[in-house]
Amino acid sequence: MSVNVDTEIARPGDDSYVEAAWQLKERIRHDEDVLKQRKGFFTDAYRRSTVYLLVSREGGDERLMGFAAVRRDGYILFLAVSPKFRGEGVGKRLVGRVAEDHDTITCHARASNENALGFYEHLGFEVDRHIENYYEDGGDAYYLKLGRSNSLTEKLSEFMRG
């Protein structure tokens, strides 16, 4: 049986997949101690964002592989990839899809989240600044930016070729 992977886009006001996204975020929070937002905050931010989703469909089953919730200015509020699909280019595809709509992409990453920082660095994000006590629990963050020097499309094209 073949697996189809579809890119879905939930525009602001569309809460399609909000519960599946919340469940994925909570699974990651539980396992990795990151993505610690409260449900009300998460749901509100999801509904106000454009959310890019990768969904696998096999037989009658549908599974959320990952999602990126993005503000109008290209700021990624949430990027989450199911542990089952990590290492398969899901995060890269999501960021690439965001890049199609934005010249610059920015985000915060927890300073202690080496996996996230490595991922963003691999894609060409640069640390713009370090912010102490950024998170509610007192954790530090890095503000990351992609698209500063070259156009974002050029950077991702180079990355995809290399």
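Residues numbered from 1 in each chain as written. Predicted model: local features only at pLDDT ≥ 70, side-chain atom pairs only at ≥ 80, totals over all residues. Heavy atoms only, no water.

Regarding the overall build of the protein
In terms of regular secondary structure, the protein is built from 5 helices and 7 strands. When each of the 162 residues of the protein is scored for burial, the buried share is 43%. Long-range pairs, those at least 24 residues apart, make up 60% of the contacts in the protein between residues at least 6 apart in sequence. Counting only carbon and sulfur atoms, one obtains 43% of the accessible surface of the protein, whose full area is about 9,000 Å². (Helix = DSSP H or I, 4+ residues; strand = E, 2+ residues; numbered from the N terminus. Buried < 20%, exposed > 50% of the residue type's maximum accessible area, 1.4 Å probe, protein only. Contact = heavy atoms within 4.5 Å. Areas by Shrake-Rupley, 256 points an atom, 1.4 Å probe, with all protein chains shown as cover.)

Observations concerning the side chain of Asn 113
Turning to its location among the elements, Asn 113 is positioned in the loop between strand 5 (105-110) and helix 4 (114-123). In this structure the side chain of Asn 113 is engaged in a polar contact, spanning 3.1 Å, whose partner is the backbone nitrogen of Ala 116. (Polar contact = N/O pair within 3.5 Å; in protein donor to acceptor, adjacent residues only side chain to side chain.)

Quick notes on helix 1 (residues 18-32)
Residue pairs spaced three or four apart in an α-helix point in one direction, given the helix's 3.6 residues per turn. Along its 15 residues, helix 1 runs 21 Å from first to last C-alpha, staying within 8% of the 21 Å computed at 1.5 Å per residue. Within helix 1 the residues assigned to the buried category are Val 18, Ala 21, Trp 22, Leu 24, Lys 25, Glu 26 and Ile 28. Contact partners of the buried residues in helix 1: helix 2 (39-48), strand 3 (61-70) and strand 4 (75-81). Phi for Asp 33, located one or two positions after helix 1, is positive at around 60°. (Expected span 1.5 Å × (residues − 1).)

Considerations on the packing of helix 1 against helix 2
The geometry of helix 1 relative to helix 2 is characterised by a closest axis approach of 11 Å and an angle of 130° between their N-to-C directions. What the angle tells us is that helix 1 and helix 2 run oblique. The two elements helix 1 and helix 2 meet at a crossing, and its hand is right-handed. Taken together, the residues of helix 2 that come into contact with helix 1 (itself represented by Val 18, Glu 19, Ala 21, Trp 22 and Lys 25) are Lys 39, Phe 42, Thr 43 and Tyr 46. Its residues assigned to classes, the contact of helix 1 with helix 2 comprises 5 nonpolar, 1 polar and 3 charged. (Axes fitted to C-alpha atoms, helices over the stretch in contact; angles between N-to-C directions. Parallel < 35°, antiparallel > 145°, perpendicular 65-115°, else oblique. Left-handed = near helix turned anticlockwise from the far one by under 90°. Nonpolar A, V, L, I, M, F, W, Y, C, P; charged D, E, K, R; others polar.)

Considerations on unusual backbone geometry
One non-glycine residue, Tyr 17, adopts positive backbone phi at about 70°. Mapping Tyr 17 onto the fold places it in the loop between strand 1 (4-10) and helix 1. Of note in the backbone geometry, Asn 133 takes a positive phi value of approximately 55° without being a glycine. Position of Asn 133 relative to the elements: it lies in the loop between strand 6 (126-131) and strand 7 (141-146). Exposure remark for Asn 133: the relative accessible area of 53% places this residue in the exposed category.

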